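Okay, here's what each chain looks like letter by letter:
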Amino acid sequence: MAKQDLIIGIFGLGTVGSGVVELIQQQANRLQSKYGLKVTLKAVVVRKISPDRVSLTSPAVLSTDPAIILEDKEINTVIEVIGGIHPAKEYILRALQSHKNVITANKALLAECGVELFEAALRHKCYFGFRAAVTGLQDMLERFYSSISITNIAGVFNGTCNYILTDMEEKGEEFSEALKKAQAAGYAEQDPTLDINGQDTADKLAIISTLAFNSPVQRKDIYTEGIERISLDDIRFARELGYKIKLLGIAGCDGKEIEAKVYPCLIPADNILASLKGVENGIQIDDELRGPGGFKAPGAGKYPTGNAVLFDIINLSNDNPTYIPKEFVYLPVKKIEQMKNQYYLRVAAVNQPGVLARIAGVFQLHDINILSVLQERDNKDKRGEVVPLVIITDTAGEKSMQKAVADIESLAIIKGQATLLRVEERFW
Ligand code: HSE
């Protein structure tokens, strides 16, 4: 059989899976004429067969039995788009052991067991494509592979969160409204909690930083916060102070240890990442030898993801590299307590004399320098009422800041929970 003849089996027929099936069927002629590539979809395995799916995959076999793919010697390429750790991991390992090429879109799996799968693919000399698992920014894979000196990365990796924050920013829409729209547009994960609590971004950052720094970073190593607590007030205060709020994945490596974190943060409104709108993803890369660089691209949706899988099919047929390092180094990953930042703190405070002095006193106690304070002018008419108060601090240790926030929250003049966000004036 010519290398160009790909006989494909697909695990999964959800949003991504159905997009891939559609694209393979639609683009078969173009794949043949442009790349001399003959692609045949032979089987699709799903957990449960529903009648409306049968016509979608025809004439390929639709089955619930994984052996239909894994034990078929003719199938030389397996596409895994079921998501989750099990049984996706077992299917992929069995496929690689049977010397089948594998293409996956499974972010969670790669964030947890990426290196194990990469090593299995190298051992069995199979193509292992994962472009669909690394955000819409797939061109960065070539960049990572051809660079030996990446020191820092920062990016927007979740389209749903960026869509929500953009809508809040530009249309003054409430969080829940914006989320509903992102779901309706097909951007969100099946369980949108994974988008908004930062887990999806952390999955992607784990894979991206593993490849950027050539050292395994797992999702569990990454301090992660989501955007659930961001209110329209925060968006407005940030704007007044010259910032935008973005959910970022940020990672750095100094050759001795790695720092990796995901959280919503205030970034200068003129920063390139602040300009990303809607479902866009973007990354800024700092490279000791090549200098800074970056990419941006639509980050979510059926076709961008399906197209990433298609690109892996083309890459595979052209014998192109899969961008997996031959060997990994193993560097420790820092804990959040060891990190330092500038902070944005929003509290609800009673509007009366001495409040600011009390709060400033707590910061003084923890040796934290205040850079700016923001209160609304119409507070003048609200003596004795509870009003929002925003403080931006200078760089401080995470531990000191957490203690200061707890102390401030325990003051009688402060009502409810404070909102603490990091300020990233510069990423490195
Ligand atoms: N739910 C993801 C996002 C899809 O919003 O970015 C792409 O991984």
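Residues numbered from 1 in each chain as written. Predicted model: local features only at pLDDT ≥ 70, side-chain atom pairs only at ≥ 80, totals over all residues. Heavy atoms only, no water.

On a plain count of helices and strands, the chain comes out with 14 helices and 17 strands. Since a compact globule built from 428 residues should have a radius of gyration of about 22 Å, the 24 Å found for the chain is in line with a globular shape. Seen through its principal axes, the chain has C-alpha atoms that stretch 80 × 45 × 35 Å. For the chain, with 428 residues in total, the buried portion stands at 57%. Contacts spanning at least 24 positions in sequence make up 74% of the contacts within the chain whose residues lie at least 6 apart. Just so you have it, the chain exposes about 18,800 Å², and 50% of that area is on carbon and sulfur atoms. Where the 49 positive side-chain charges of the chain centre and where its 54 negative ones centre are 1 Å apart. (Helix = DSSP H or I, 4+ residues; strand = E, 2+ residues; numbered from the N terminus. Rg over C-alpha atoms; globule rule 2.2 N^0.38 Å. Buried < 20%, exposed > 50% of the residue type's maximum accessible area, 1.4 Å probe, protein only. Contact = heavy atoms within 4.5 Å. Areas by Shrake-Rupley, 256 points an atom, 1.4 Å probe, with all protein chains shown as cover. Lys, Arg positive; Asp, Glu negative; His and termini not counted. Charge placed at Lys NZ, Arg CZ, Asp CG, Glu CD.)

Taken together, 13 residues lie around the ligand, and Lys-107, Gly-159, Thr-160, Glu-189 and Asp-195 are the ones closest in. One of the side-chain nitrogen or oxygen atoms of Thr-160 is found 2.6 Å away from an oxygen atom of the ligand. At a separation of 2.9 Å, a nitrogen atom of the ligand approaches a polar backbone atom of Tyr-187. A total of 250 Å² of accessible area belongs to the ligand in isolation, and the protein chains cover 92% of it. Elements that contribute at least two residues to the shell around the ligand include exactly α7 (159-171) and α10 (199-213). (Near = heavy atom within 4 Å. Polar contact = N/O pair within 3.5 Å; in protein donor to acceptor, adjacent residues only side chain to side chain.)

With an omega of 5 degrees, the peptide bond between Ser-58 and Pro-59 qualifies as cis. As for its placement among the helices and strands, Pro-59 is situated in the loop between α2 (51-57) and β3 (61-63). That bond from His-86 to Pro-87 is cis: its omega, 5 degrees, falls within 30 degrees of zero. By the secondary structure assignment, Pro-87 is in the loop between β4 (77-80) and α4 (88-97). Within the chain, Lys-125 stands out as a residue other than glycine whose phi angle is a positive 55 degrees. Its location among the elements puts Lys-125 in the loop between α5 (107-123) and β6 (128-129). Classification of Lys-125 by relative accessible area gives exposed; the value is 75%.

With respect to burial, strand β15 (residues 386-393) is a largely interior element, seven of its eight residues being buried. In this sheet, β15 lies alongside strand β13 (residues 340-350) in antiparallel orientation, the contact comprising seven bridges. Within β15, the position partnered with Tyr-344 by the bridge is Ile-392. One ladder, built from five bridges, connects strand β14 (residues 370-375) with β15; its direction is antiparallel. Residue pairing across strands places Gln-375 opposite Leu-389, the latter belonging to β15. (Pairing = 2+ DSSP bridges.)

Quick look at the sheet that holds β4 now. Read across the open sheet, the six strands follow the order β3-β2-β1-β4-β5-β6; overall the sheet is parallel. The two strands at the open ends of the sheet, each matched to only one other strand, are β3 and β6. Across four bridges, the pairing between β4 and strand β5 (residues 101-104) is parallel. Along β5, the bridge assignment pairs Ile-79 with Ile-103.

The next thing to look at is the pattern of salt bridges. Tallying each qualifying case throughout the model produces 27 salt bridges. Glu-225 serves as the salt-bridge partner of Arg-422, at 2.8 Å between the closest nitrogen and oxygen. With Arg-422 in strand β17 (residues 414-423) and Glu-225 in the loop between β8 (223-224) and α11 (232-240), the pair connects residues that are 197 residues apart, well separated along the chain. Summarising the burial analysis for this pair, Arg-422 and Glu-225 share the class buried. Between Glu-398 and Arg-422 there is a salt bridge, with its nearest N and O atoms 2.5 Å apart. Taken as a pair, Glu-398 in helix α14 (residues 398-409) and Arg-422 in strand β17 lie far apart in primary sequence, 24 residues in all. The exposure class assigned to Glu-398 is buried, which follows from its relative accessible area of 3%. A network of salt bridges, in which partner residues are shared, links Lys-107, Glu-189, Asp-200 and Lys-204. (Salt bridge = Lys/Arg side-chain N within 4 Å of Asp/Glu carboxyl O.)

Attention now moves to α10. For α10, with 15 residues, the first-to-last C-alpha span of 21 Å sits near the 21 Å given by 1.5 Å per residue. For α10, the buried fraction is high: 14 of the 15 residues fall into the buried class. Asn-214 lies just past α10 and shows a positive phi near 60 degrees. (Expected span 1.5 Å × (residues − 1).)

Note that Cys-265 resides in strand β10 (residues 258-268). Considering only alpha carbons, one finds Cys-265 and Val-44, 221 residues apart in sequence, at a separation of 42 Å. With residues up to four places along the chain from it excluded, the contact list for Cys-265 reads Lys-244, Ile-245, Lys-246, Leu-248, Arg-422 and Glu-424.

In this section: the layout of surface pockets. In this structure, the second largest pocket spans a volume of roughly 480 Å³. For the second largest pocket, the lining is made up of 23 residues, of which Glu-259, Lys-261, Lys-340, Phe-427 and Trp-428 are closest to its centre. Sorting the residues of the lining of the second largest pocket by element identifies β7 (150-156), β9 (243-253), β10 and β13 as the ones contributing at least two each. Counting residues per element, the lining of the second largest pocket draws most heavily on β9, at four residues. (1 Å grid on protein atoms, 1.4 Å probe; cavity = no way out; pocket = protein on both sides within 12 Å on 5 of 7 lines; lining within 4 Å. Points joined across faces, edges and corners; volume = space filled by probe spheres on them.)

What follows is about the packing of α5 against α10. Where α5 contacts α10, the axes come no closer than 7 Å and their chain directions differ by 25 degrees. Looking at the two axes, α5 sits roughly parallel to α10. Residues Lys-107, Ala-108, Leu-110, Ala-111, Val-115 and Phe-118 of α5 form the contact with α10, whose own contacting residues are Asp-200, Asp-203, Lys-204, Ala-206, Ile-207, Thr-210 and Leu-211. Of the residues belonging to the contact of α5 with α10, the class tally is eight nonpolar, one polar and four charged. (Axes fitted to C-alpha atoms, helices over the stretch in contact; angles between N-to-C directions. Parallel < 35°, antiparallel > 145°, perpendicular 65-115°, else oblique. Nonpolar A, V, L, I, M, F, W, Y, C, P; charged D, E, K, R; others polar.)

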